[in-house]
Amino acid sequence: MHSNPPYDKNKNVSHLEKFMHTSLDLLFPNQSGTIETIAAEPELGRRMAALGLRPGRRIEVLRMAPLKGPLQIRIGHTELMIRRVDAAKICVNFVA
Amino acid sequence: MKRIALLGMPNTGKSTFFNRLTGAGARVGNWPGITVDLLAAKILLEGSMVEMVDLPGIYNLHGFSDDEQVVRHFLESQTVNGLVVILNATQLDRQLALLLQLKALKLPMTLVLNMSDEAKQLGVKIDLAELARNLDMPVTLISAKYGQGFESARHTIEQILRHNPTARLADTEGLSQDDRIEVEVELDRIVSGTVSTPITLPPNITRRLDRVLLHPWLGLPLFFITVFLLFQLIYGIGTPLQDGMNWGLEQIKTSLLQPALANAPLPIRSFIQDGLFDGVGTVLSFLPIIVVFFIFMAIIEDSGYLARAAYLMDAVMAKLGLDGRSFVMQLMGFGCNVPALMGTRVMRSRALRLLTMLVIPFSLCSARLQVFLFFTTAIFAPRAAAVVMFSLYLMSFLMAFLTALVWRGKYRSVEPLLLELPPYRFPTFKHLLVQGWQQSQYFLSRASGYIVGGVIVIWALTHYPFDVPPASPATLAGQLADYMAPLFQPLGIDRLLSVALLFGFIAKEIVIGALAVIYSAGQSNLSGIIAGKLDWVQAYSFMLFTLIYTPCLSTVAVLKQESKSWRFTALAVAWPLGMAWLVSFAFYQSTRALGW
């Protein structure tokens, strides 16, 4: 996966307009970013690509299901549910 | 015969297109080595009969999901005159990748872009001529739902047939080569040159509905209310229809069949009336509920809500190796297991489907409810009866979850759980009718033989020899009960009750009637006799066994029909039977040991 330290949700980010790297499951609802890398096993990676999850694409987290349930995300005109373990395999960069 | 295969990604309206093109004449075809049902229909195109085959929706030609393997297997083994590829016009930016993979098969091909209505709403513009030039194949824009652009799509298919009169196999190199990076480069090049998409989305109805229906805390209560209403609607409409069907059958039996057979020799009369006719009746009595069930399930599925159910319930169900759609089907099973089992077809991963199918038969269906209502009112005081009923429902869930926990390792879904949440859509009325029609056809053609055969076997057991009263100790069933006595005695189930269990294997609806025959009592004084013969421990043990063991012959027939595996069917019969025995044994022996 990515080598950057995980983004700390509780920390106040003072530098606006600063690019940050994190994994998709750590984004907040309504936050969006650009996919940098995907480190998924071949079968999952194939499915991700078919559904539009490819490096360089913009991705938005719409909401998260309670009890550590899946994420609802949007990429282009496609909305998906993705489990948090799988979302953790996607590294995004976003404007903090 | 000429053959055209329909291919596309899931959620592109492929089946709607197929149904519109072929009418109601589609049948489930038999293809060697394929465990998924493929619809096929013969239609007249270009002056000759052409077989249209609806292949399952796939994301990737080289993927390893069950559906993707089925498609590859089909293309490897069956010759086609051409492929019709259906993609969602609003999602071309990713879906064209599949078409580019398919091009490597070197088969005649045409691209049909569906959902032109949604594309228009979203402001997606596609340069069709430029796209056709880039892809080197005819491209048509249609709305399968509203029928727009249909004639030109049909015309293109006819052209393909005219130019390719002989069917051929796909280029195997195209099937085996893995995803090339060039595909992605080419995809981006073609899309940027032909598709223009507005950057911001118009605030649409889907987003607003999702805000409520997928709300972190409101979502689940709303889901349960929806499922409850759905259940009430399906069985509120279906059960009276089912009763009507049974009434009609009874009328035919008493006013036509019985007089006609009055002079026939006893064995023949008994066989036709109580074997064959009841067998056919058992099959027919399921039809109304299957039609209603599939009409309502099509509404829930096509509207996009079923995929949301998976999202809402995933956190809980994932621990059991199931998903939210399994849960919906399990709940529907509380009405009737048969349509619920057929409904698992919406789950495309075979392992997930099989696990769900193993769980559904534990749902306390309305037929079993009749037996329990009769026993609880006969044996228990009203207040205790309510507690008893509640405990049986609890047991039903407990058994289901236990089964999922035990078998989730064996039926582990390898398919990645990335589900599309399609926009909310209104299904068309015609599509709902087609669904109800197709599913009942399918049930009739695949399951009816097993059901009628099974009813006849049970008839023979309980009626032979013909010179003794049916179901009496001298019949085969009575002798069987003697053999089985050592097995059932430790459960507090006597020989007479075990014969009733044999009847219950046909359908739980006839258990009470069978008991009346066995105790040679009328339905009205049966409860008095039962109350006199059984104490509450025996009665409860009998109910536990009835709840858990094989629900009915029709369920078994559908388990076989859906799994296409005798091994799985055997497991799905043996496992609940074993559980039923263990639970009844544990209950009966421990309560007796406690001195009741």
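Residues numbered from 1 in each chain as written. Chains lettered and ligands numbered in written order. Predicted model: local features only at pLDDT ≥ 70, side-chain atom pairs only at ≥ 80, totals over all residues.

1. Details of the overall build of chain B
Part 1 of the reasoning: The secondary structure content of chain B amounts to 25 helices and 10 strands.
Part 2 of the reasoning: In terms of overall size, chain B behaves like a compact globule, its C-alpha atoms giving a radius of gyration of 27 Å where 596 residues would be expected to give roughly 25 Å.
Part 3 of the reasoning: Overall, chain B is about 85 × 60 × 40 Å in size when its C-alpha atoms are taken along their principal axes.
Part 4 of the reasoning: Relative to its 596 residues, chain B shows a buried fraction of 47%.
Part 5 of the reasoning: Across chain B, contacts joining residues at least 24 apart in sequence account for 75% of those joining residues at least 6 apart. (Helix = DSSP H or I, 4+ residues; strand = E, 2+ residues; numbered from the N terminus. Rg over C-alpha atoms; globule rule 2.2 N^0.38 Å. Buried ≥ 20, exposed ≤ 12 C-beta atoms within 10 Å, placed from the backbone. Contact = placed C-beta atoms within 7 Å.)

2. As for the overall build of chain A
Part 1 of the reasoning: If you tally the helices and strands in chain A, you get 2 helices and 6 strands.
Part 2 of the reasoning: Of the regular secondary structure in chain A, the N- to C-terminal order runs β-β-α-β-β-β-α-β.
Part 3 of the reasoning: Counting the 96 residues in chain A, one finds 42% classified as buried.

3. Examining the confidence of the model for chain A
Residues and elements named next belong to chain A.
Part 1 of the reasoning: Per-chain confidence: chain A averages 84 in pLDDT, with 81% of residues scoring 70 or above.
Part 2 of the reasoning: Mean pLDDT per element in chain A: strand S1 (residues 19-23) is the minimum at 87, and strand S4 (residues 71-75) is the maximum at 95.
Part 3 of the reasoning: Across residues 9-15, confidence stays below pLDDT 50; counting only partners more than four residues off in sequence or on other chains, it has 2 contacts. (pLDDT = per-residue confidence, 0-100.)

4. A word on the environment of B:Arg353
All names here are of chain B.
Part 1 of the reasoning: Among the structural elements, Arg 353 can be located in helix H15 (residues 350-359).
Part 2 of the reasoning: Taking the number of C-beta atoms within 10 Å as the measure of exposure, Arg 353 has 24 and is therefore buried.
Part 3 of the reasoning: The sequence separation of Arg 353 and Ser 413 amounts to 60 residues, and the corresponding C-alpha distance is 8.9 Å.
Part 4 of the reasoning: Among all residues touching Arg 353, those that are not within four sequence positions of it are Thr 344 and Met 347.

5. What about the interface of chain B and chain A?
Interfaces are often sized by the amount of accessible area the parts lose when they come together.
Part 1 of the reasoning: Contact with chain B, which involves 25 residues of that partner, is made by 25 residues of chain A.
Part 2 of the reasoning: Where the side of chain B that touches chain A is concerned, the elements lending two or more residues are helix H3 (92-103), helix H12 (305-317) and strand S10 (418-420) of chain B.
Part 3 of the reasoning: A per-class count over the side of chain B that touches chain A returns 16 nonpolar, 4 polar and 5 charged. (Nonpolar A, V, L, I, M, F, W, Y, C, P; charged D, E, K, R; others polar.)

6. Examining the environment of B:Val434
Residues and elements named next belong to chain B.
Part 1 of the reasoning: Residue placement: Val 434 occurs in helix H18 (residues 429-463).
Part 2 of the reasoning: Of the residues examined, Val 434 has 23 C-beta atoms within 10 Å and is grouped as buried.
Part 3 of the reasoning: The spacing of Val 434 and Asn 19 is 415 residues in sequence and 7.8 Å in space, taken between C-alpha atoms.

7. Thoughts on the pairing of strand S5 (residues 82-88) of chain B
All names here are of chain B.
Part 1 of the reasoning: With respect to burial, S5 is a largely interior element, 7 of its 7 residues being buried.
Part 2 of the reasoning: Covered by surrounding structure in S5 are Gly 82, Val 84, Ile 86 and Asn 88 together with Leu 83, Val 85 and Leu 87, the residues of both alternating faces.
Part 3 of the reasoning: Here S5 runs beside strand S6 (residues 109-114); their pairing, made up of 6 bridges, is parallel. Counterpart to Asn 88 in the pairing with S6 is Asn 114.
Part 4 of the reasoning: Each parallel crossover has a hand, and the one from S5 via H3 to S6 is right-handed. (Pairing = 2+ DSSP bridges. Right-handed = clockwise from strand over helix to strand, strands pointing away.)

8. Remarks on the sheet that holds strand S3 (residues 38-45) of chain B
Residue and element names in this part refer to chain B.
Part 1 of the reasoning: One open sheet accounts for 7 strands, arranged S2-S3-S4-S1-S5-S6-S8; its pairing is mixed. Only two strands of the sheet have a single partner each, and these edge strands are strand S2 (27-29) and strand S8 (139-141). Averaged over all pairs of adjacent strands, the angle between strand axes in this sheet comes to 30°, irrespective of strand direction.
Part 2 of the reasoning: By the bridge criterion, 7 bridges tie S3 to strand S4 (residues 48-54) in an arrangement that is antiparallel. Looking at S4, one finds that Ala 40 is bridged to Val 53. (Axes fitted to C-alpha atoms, helices over the stretch in contact; angles between N-to-C directions.)

9. A few points about the sheet that holds strand S6 (residues 90-95) of chain A
Part 1 of the reasoning: Across the sheet, 7 strands lie side by side as S1(A)-S6(A)-S2(A)-S3(A)-S4(A)-S5(A)-S10(B); this open sheet has antiparallel pairing. Edge positions in the sheet fall to S1 of chain A together with S10 of chain B, since each has one partner strand and no second. Strand-to-strand twist of the sheet, defined as the mean angle between neighbouring strand axes without regard to direction, takes the value 35°.
Part 2 of the reasoning: Pairing between S4(A) and strand S5 (residues 78-82) of chain A: 5 bridges, direction antiparallel.

10. Topic: helix H2 (residues 66-77) of chain B
Within an α-helix, residues lying three or four positions from one another point in the same direction, as the helix has 3.6 residues per turn.
Part 1 of the reasoning: The first and last C-alpha atoms of H2(B) sit 17 Å apart over 12 residues, in line with the 16 Å expected at 1.5 Å per residue.
Part 2 of the reasoning: Residues B:Asp66, B:Glu68, B:Val70, B:Val71, B:Phe74 and B:Leu75 constitute the buried set of H2(B). (Expected span 1.5 Å × (residues − 1).)

11. Some points on unusual backbone geometry
Residues other than glycine predominantly adopt negative phi, and peptide bonds predominantly adopt the trans conformation.
Part 1 of the reasoning: Residue B:Pro465 is bonded to the preceding B:Tyr464 through a cis peptide linkage, with omega at -5°.
Part 2 of the reasoning: Mapping B:Pro465 onto the fold places it in the loop between H18 and helix H19 (476-488).
Part 3 of the reasoning: Located in the positive-phi region is A:Lys68, a residue other than glycine, with phi close to 55°.
Part 4 of the reasoning: Within the secondary structure, A:Lys68 sits in the loop between strand S3 (58-64) and S4.
Part 5 of the reasoning: The backbone of B:Lys564 sits at a positive phi, close to 55°, despite the residue not being glycine.
Part 6 of the reasoning: Mapped onto the fold, B:Lys564 is located in the loop between helix H24 (553-563) and helix H25 (566-593).

12. Details of the environment of B:Val185
Residues and elements named next belong to chain B.
Part 1 of the reasoning: Looking at where Val 185 falls in the secondary structure, it is placed in helix H8 (residues 181-194).
Part 2 of the reasoning: Using a count of 10 C-beta atoms within 10 Å as the deciding quantity, one classes Val 185 as exposed.
Part 3 of the reasoning: Val 185 sits 88 residues away from Ala 97 along the chain, and the two C-alpha atoms are 9.9 Å apart.

13. A word on H19(B)
Residues and elements named next belong to chain B.
Part 1 of the reasoning: Between its first and last C-alpha atoms H19 spans 17 Å; for 13 residues at 1.5 Å apiece the expected length is 18 Å, and the two agree.
Part 2 of the reasoning: At Asp 482, H19 shows its largest kink, close to 40°, and the proline Pro 486 lies no more than four residues downstream.
Part 3 of the reasoning: For H19, every residue scored as buried is listed here: Ala 477, Gly 478, Ala 481 and Phe 488.
Part 4 of the reasoning: Looking at the buried side of H19, the elements it contacts are H18 and helix H20 (495-506). (Bend = angle between axes of the 7 residues up to and from the residue.)

14. Side note on the packing of helix H23 (residues 536-548) of chain B against H25(B)
All names here are of chain B.
Part 1 of the reasoning: Contact geometry for H23 and H25: axes closest at 8 Å, N-to-C directions at 165°. Our classification of the angle between H23 and H25 gives roughly antiparallel. As H23 packs across H25, the resulting crossing turns out to be right-handed. The segment H23 lies against H25, with Val 537, Tyr 540, Ser 541, Leu 544, Phe 545 and Ile 548 engaging Pro 576, Met 579, Ala 580, Val 583, Ser 584, Phe 587, Tyr 588, Thr 591 and Arg 592.
Part 2 of the reasoning: Along the lines of polarity and charge, the residues of the contact of H23 with H25 split into 11 nonpolar, 3 polar and 1 charged. (Parallel < 35°, antiparallel > 145°, perpendicular 65-115°, else oblique. Left-handed = near helix turned anticlockwise from the far one by under 90°.)

15. Let's talk about the packing of H15(B) against helix H17 (residues 382-407) of chain B
Residues and elements named next belong to chain B.
Part 1 of the reasoning: It is at 9 Å that the axes of H15 and H17 come closest, and there the two elements cross at 145°. Here H15 and H17 pass one another in a crossing that is right-handed. The residues of H17 that touch H15, namely those facing Leu 355, Leu 358 and Val 359, are Ala 400, Thr 403, Ala 404 and Trp 407.
Part 2 of the reasoning: When the residues that make up the contact of H15 with H17 are grouped by side-chain class, the tally is 6 nonpolar, 1 polar and no charged.

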